[in-house]
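# Descriptive structure summary
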Amino acid sequence: MSPPDAQRRLDSILQQFTSPPTSIGTLHFAGLTYDVPSSITPSRLPHSKPEDLLDLQDPTNSAHLYFLFQKFLLGQDVFMLSQPGPYARRLALTFCHLINAEYEYISLHRDVGETELKQGRSLLAGGALAYVDSAAVRAVKHGRILIIEGIEKAERGIMPVLNNLLENREMNLEDGTHIVHPSRFSLLRRSQREHGRSMGATFVAAHPAFRVIALGVPVPPYKGFPLDPPFRSRFQARFLDNRGSLLSLAKPTAPERAPTLLHKIRDIILAVQYASELRTPLHNISRTALPPFPQTSLQKLTQLLTHFPPPDTLAPDQLARLLLTLHPQMAHAPFEAWALLSQQFEEAGLGVLTSPSTAGHEDGTGFVGYKVLSIERVDTYTANVTFHGPGGFPVITLNVPSGPRPFAVFPPIEGGAGTGPERLIVSSRFSGLLTCFLQSHALGWDISFVPPVLPSTATCSTALLVRTFGEVLGYDVENVHLYKEVGGREVVMRRVTGEGGATGWEPSPIIQSAWAGRLLHLDSLDVIGATAGSIARLLQDREIELWDGKRIVSHASDEELSNSDLGLSVAHPSFRVIATASKSLPLQDWLTDEHASMFLPVPAQPMSATEEASILSLTGAALEHVHTLITFAERYRNAMTSPNSVQRNRRLGTRALVRVARRLAVMPWDDDLYSILGRALLVEFLPRTERMSLDAVFVECGIVNRTPLYNPPVSPAANGIVFFPEASDPFNKTQSVHIPRFDPSQDPEGAASHIPHMEHFYDNSLQTGLMRDAAVDLEILKVHLVLLGNQGVGKNKIIDRLCQLLGRPREYVQLHRDTTVTQLMFTTHLSSGTIHHTDSPLLRAIIFGRVIVIDEADKAPEHVVAIFRSLAGQGEMSLADGRRVRRKREREDDVVVHPNFRMILLANRPGYPFLGNHFLQVLGDNFSCHSVSNPDMQSERQLLAQLAPDMDEDLIRRLVAAFQDLRRGYDEGRLSYPYSLRGDASYYCLQCATDFDLLPPELINLVRHMRAYEDSLETSLRNVFDFDVYKAETMDVLYEILEHHGLKVKRLGLDAMREDTKAIKDITFKPSGASDVSEPKYGKEDENNEEHSGGNTWAGGTGGRDTAGLGGRGGYMRLFKGHDIKQVSDELKAQVPDHIKEQAREMAKAELARRLEELNMSKQEAAGYSRLLGAVDAHIASLHDLLENLSAKEEERVWVKRQTDGELDDGRLADGLTGEATVYKRRGMAKPELGQPQIKPKRIRFLFDVSGSMYRFQYDGRLQRSLETAVMLMETFDRVTHKEKYVWDIYGHSGDSPTIPLLEAGSAPDTSERWKVVEKMNMITQYAFAGDYTVEAIEKAVTEISRFDADEWFVIAISDANFGRYQITAADLKRSLYHDPKVKTALICIGEGAEASWIPKTFQGRGFRVNDTHDIPNVLRSILSEMVS
């Protein structure tokens, strides 16, 4: 018998002979009595602090406890629903304490599987397998109360595991035993005894005292998965009144100690709670609906105003700051909701609330006007913090926990390393925020530093605040950088293997910090979403369940703590947590009620312009440059007022400005701010509409776009210096740049084997300038880089060349869609039953100080790339094996970042057609960005002349000019592919095939082909353009560009392909049988669609005579059925008689007339529609490609973990050793985040101006372009494959009406119906009366589409309104454009409307001026593309 079997046998025997527990007394509760038993295992009793248990005298608490008592006596399980927060859990623990019941606890999250609910496995030394009961199994075996919290977070397929246990008290376990109902167990035991047999250890009786208390939130209104009906049916429900929860947690305060302010705000909180319960469904979705305050808001208010007595009234900014702390969701609530709450505060005599974005700390105070005077140590782990109140309030001294390290001087002394945001400047803002931290700490709360709701601001000093807070209190700070792959279990513990292959558990840094009393900084807590709830109990109660029945409790005796067998431990009293966000997600995605109840939120406050200017001044940059940078930054950030801008634009944070200022200080002569700021903001890749707005900001700030200078080739290294000569400058301002070459003695191995070697590299001005700028960033400013560009611009080769010049050893890693965080850190392998990790190229670069090139950064999931953010910003990273990457060694196993370590991320340009992930947003401002462009025309000509010296110079010039126009056509939206020189940008000699074949060139390969063969220009161009052979509109644009540059080609596309017979001159096809032609005919239809060649019988054949098909010689129409084309010779085609040709032409005309009749169109109508269609063919193709690619991207699969088959998950190898089944991963559709709805259609309305002025002034093309734009939209959405993803309609507005239906949603118009739409638009303009309903049209459109159940809502309007003539003000337009915050709106002003220069300035991102009507389709396409992507 194995040891585990023997132990189970012994446990079963002991259970049969265990006497029932003795009674310790009788509980009398409202007429019910209960003999309270003693505890068999006292360590499983509640160990909560008295203050964490609920007051039994509170009527609300006693009513709920009485209900639980009733259900307990009836043997029923209970489901308690409440607002997110600790009340329900504390109620359950108070009940356990009341009846002296032992309990087990499970916190659910989306990663919970069958193992966590039944039995886990572990390997013992020597290979023996042991089964470990879960909390649920322990509870049912030992008669404990099982508390399951977070039911709404568990996926529906998991909870049925417990259904049989709940209903019948039965469960089959992995170790072969079976839990059965106690009555059934008695019957089995009696039966076995009657037959003289022993029961054995197979069956285990469920304890009669076993009960379940499930805790969850109602879904909706809160986020979560709905209850599984069979699971729900097993419970007795109890809703916990939100008002009672608020009051119970707050605990009553003596009236003489309660400030007036407390009473007034408490009444408002309770009033909002009542209002939220009395709303109608219609009111709940309105803009003015106030979300109820979080469950702990009244508790925080009471503690704060009791410990820090406030004056009777507060300044508006102080009041707003207090409100955002109590109710942080108000930061992203609609303005109308904030105004309604402000009205309630004003009516209560508290004054008005300032805007949430201006609730600052400019007076240097913390909450309710307090300042910190001093911090003094009391003993090793406590300190006294003295606060000074507002006005004549007395000084308050509070005893607070602290760390064991020496205290930094308080108030903090300005200074520190560096000249950037990490340098401490003790401003009033900083002092006020630090005071808020200290006040929160004194109240015993963990802190959540909530970033501003605006997407682009100056720095909030997040890292500096956390560091300073830790230093002034002597804390050992533990920084944990979270990423999306972290699961609920990994947050707490991870499985490890030891000697002999035994598996065990290791505490996470979070648990280690709790035991050691550290200050835990949870960075990027927002990215793990609802998984953060797995540590809610640790944050709220300082309790959490660990492995093998161990737990952290809030209180335990010294005797219990000294007995390791009990598995009890306590969190150190000094343990504190500060959570910060990555700012890569909108606040509403993660700032939930649960988050607000876990922390005391402290609203962040960005630096003021004055403070930011003082930071920039420290760099040594000229004051005029600092002033210009601050002015530009303010105007740029004000333009990014929408959270949606985060996905479109680069933030311009303080770190980015500091980099620019440092560069200006180092190279004051290089003061081209347009180029430097444009590089930081990636201006080259901005959409057309965004580029127009940004150019306006440049003009307002007096920043001009200078002519690019010529950069001579770089000189080879001499005397350890890489020399970049000065650029040619007519004003003689430029200077040469000297970069020190890397010392190989610092990394001998890397210098010997990791420096790229390139024999052939052709310099040009643009790329030399880029290498110089990158070298300055890497070696002088010592920052990390991001290089973005189209395909084929030579990003890899430029960096390789730069590393070669600098003598820099380089590591390389290429990312892809399947890349995981673990793979970036190390490679995992198994040896002798023990898991080992081998450092990845990234870790090697960190350790040895090498450059790591991270290619295809936009292809990896965003949460994977996010780990580079903390590595670049703070030089820190948390490894999955428990180690830490740090700039300085703080612990023995820390991986220290070498000072020479640099990261260079390479990626394609953002947006269409690459559609990579938005990785730039998760990186923040920690990287210096560079856009890599194609060389200018002169550089390209020189390059091709060097590579093909025998080629005609004029032909080279024409080819280069044509490719320049092809790229321009892509930028303008006429072409859907960014044609590159690819191959020339890597600057390799054509003869160096080994190097040159690394990338598939375009223009280079074209030149190579033309040099090698005597093919015609048409044949050679097919190498590049055959990809688009079925895109007739693209072919037309290509033909136009080539012809413009004198590259005469007969035709392109299918015709060129069919006419290109040079390659088959000696290969002809002669049909069998007769070859004479009689008369054109359609031919027979082959139901099987088999291939037919010749025969003069079948329609759709090839190489025939009279029938419809391809490759023949006498048919009247082309007909392709998917088979290979057999082309008859030109001789046979020439033999077709003239009368047969004429008959074929007549039949073609008749067929066209029949088709027009089917479409219900005349020839004139068809010609008119064709003209409209032809004008926007390229735009249709581009927009269609975008929508199709977006649909494909939405359906991209991700790694789904915890599967029973697929590929082995490296992160669960240790679990696999124990025999667990769910250790695989496989590709699948990503599940929506908790509470996020399934993808719904996007609801779009297009509003066209059909007023009389459109007809009156049509000479400028406004009416024609509007009709073309309507055709573009109708044709594009008709061609979209997944039509269900878009619900759209077209309406008009004129002086007669704001709502003129032109095409209703759900219509599927054919060609004739589309023509009727544009004809109707044209006709209305002829008869419309004067007037303008632009504002009303937008308002009505927003109202109507917002009622639709959609994923997103869009309204795009075109108007030529003369705003002055019709007295349309900015306030009128604002009211319509911002009528509903969830609806994204855009207004395109044309004609007289385009003369209103204030439109784009006032409505950044929503208002657009189009002076040239030819741009109307392009601008609308750009706006729509940005909106839906």
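Residues numbered from 1 in each chain as written. Predicted model: local features only at pLDDT ≥ 70, side-chain atom pairs only at ≥ 80, totals over all residues. Heavy atoms only, no water.

## Here's the deal with the sheet that holds strand 22 (residues 551-553)
Here we have three strands laid out as an open sheet, ordered 21-22-23, and mixed in their pairing. Of all strands in the sheet, those with a lone pairing partner are strand 21 (544-545) and strand 23 (568-570), marking the two edges. Pairing between strand 21 and strand 22: two bridges, direction antiparallel. Directly across from E545, in strand 22, lies its bridge partner R551. (Pairing = 2+ DSSP bridges. Helix = DSSP H or I, 4+ residues; strand = E, 2+ residues; numbered from the N terminus.)

## Overview of the packing of aromatic side chains
Aromatic rings considered in pairs are described by the distance between their centres and by the relative angle of their planes. With the rule as written, the count across this model stands at 19 aromatic pairs. Between F1257 and Y1259 the ring centres are 6.1 Å apart and the planes differ by 80°, which places this aromatic pair in the edge-to-face class. Taking relative accessible area as the criterion, Y1259 reaches 65% and is therefore assigned exposed. Over the face of the ring belonging to Y103 we find R551, whose NZ or CZ atom lies 4.3 Å from the ring centre. (Phe/Tyr/Trp six-rings, centres within 6.5 Å; stacked < 30°, edge-to-face > 60°. Buried < 20%, exposed > 50% of the residue type's maximum accessible area, 1.4 Å probe, protein only. Lys NZ or Arg CZ within 6 Å of the ring centre and 35° of its normal.)

## Things to note about the environment of L68
One can find L68 in helix 2 (residues 59-74). Taking the C-alpha atoms as reference, L68 lies 9.5 Å from L91; in sequence the two are 23 residues apart. Not counting residues up to four positions away in its chain, the partners in contact with L68 are V78, M80, L91, F95 and I213. (Contact = heavy atoms within 4.5 Å.)

## Brief notes about helix 34 (residues 937-947)
Those residues of helix 34 not exposed but buried are S939, E940, L943, L944 and L947. The buried residues of helix 34 occupy one face: seen down the axis, they fall within an arc of 125°. For helix 34, the secondary structure elements touched by its buried residues are helix 27 (765-780), helix 35 (953-971) and helix 37 (1003-1012). (Arc of directions from axis to C-beta.)

## A word on the pairing of strand 38 (residues 927-932)
With six of its six residues buried, strand 38 lies for the most part within the structure. Taking every second residue as pointing to the same face, both faces of strand 38 are buried, with F927, C929 and S931 on one and S928, H930 and V932 on the other. Taken together, the six bridges between strand 29 (residues 784-789) and strand 38 define a ladder with parallel strand orientation. In the strand pairing of strand 38, G789 is matched with V932.

## Comments concerning the sheet that holds strand 35 (residues 884-886)
Strand order across the open sheet formed by three strands is 34-35-36, with mixed pairing between neighbours. With partners counted over all chains shown, the strands left at the sheet margins are strand 34 (877-878) and strand 36 (895-896), one partner each. For strand 34 and strand 35, the ladder comprises two bridges, and the chain directions are antiparallel. Note that in strand 35 the partner of S878 across the bridge is R884.

## Re the confidence of the model for the chain
Note: predicted coordinates in regions of low pLDDT should not be interpreted at a detailed level. Of all residues in the chain, 82% attain a pLDDT of 70 or more, and the chain-wide mean is 81. Contacts from residues 280-288, a stretch scored under 50 in pLDDT, to residues over four places away or in other chains number 14 contacts. Confidence over residues 643-648 falls short of pLDDT 50; this stretch has 14 contacts with residues more than four positions distant or in other chains. (pLDDT = per-residue confidence, 0-100.)

## Brief notes about the nonpolar core
Counting 73 residues, the largest nonpolar core has I265, L301, L341, F345, I375, L438 and V602 as the members making the most contacts within it. Among residues more than four places away in sequence, those in contact with I265 are L301, L322, L326, F345 and L350. Among the nonpolar cores identified, the runner-up in size contains 69 residues, and L525, F575, A579 and A857 belong to it. (Core = buried A, V, L, I, M, F, W, Y, C linked by side-chain atoms within 4.5 Å.)

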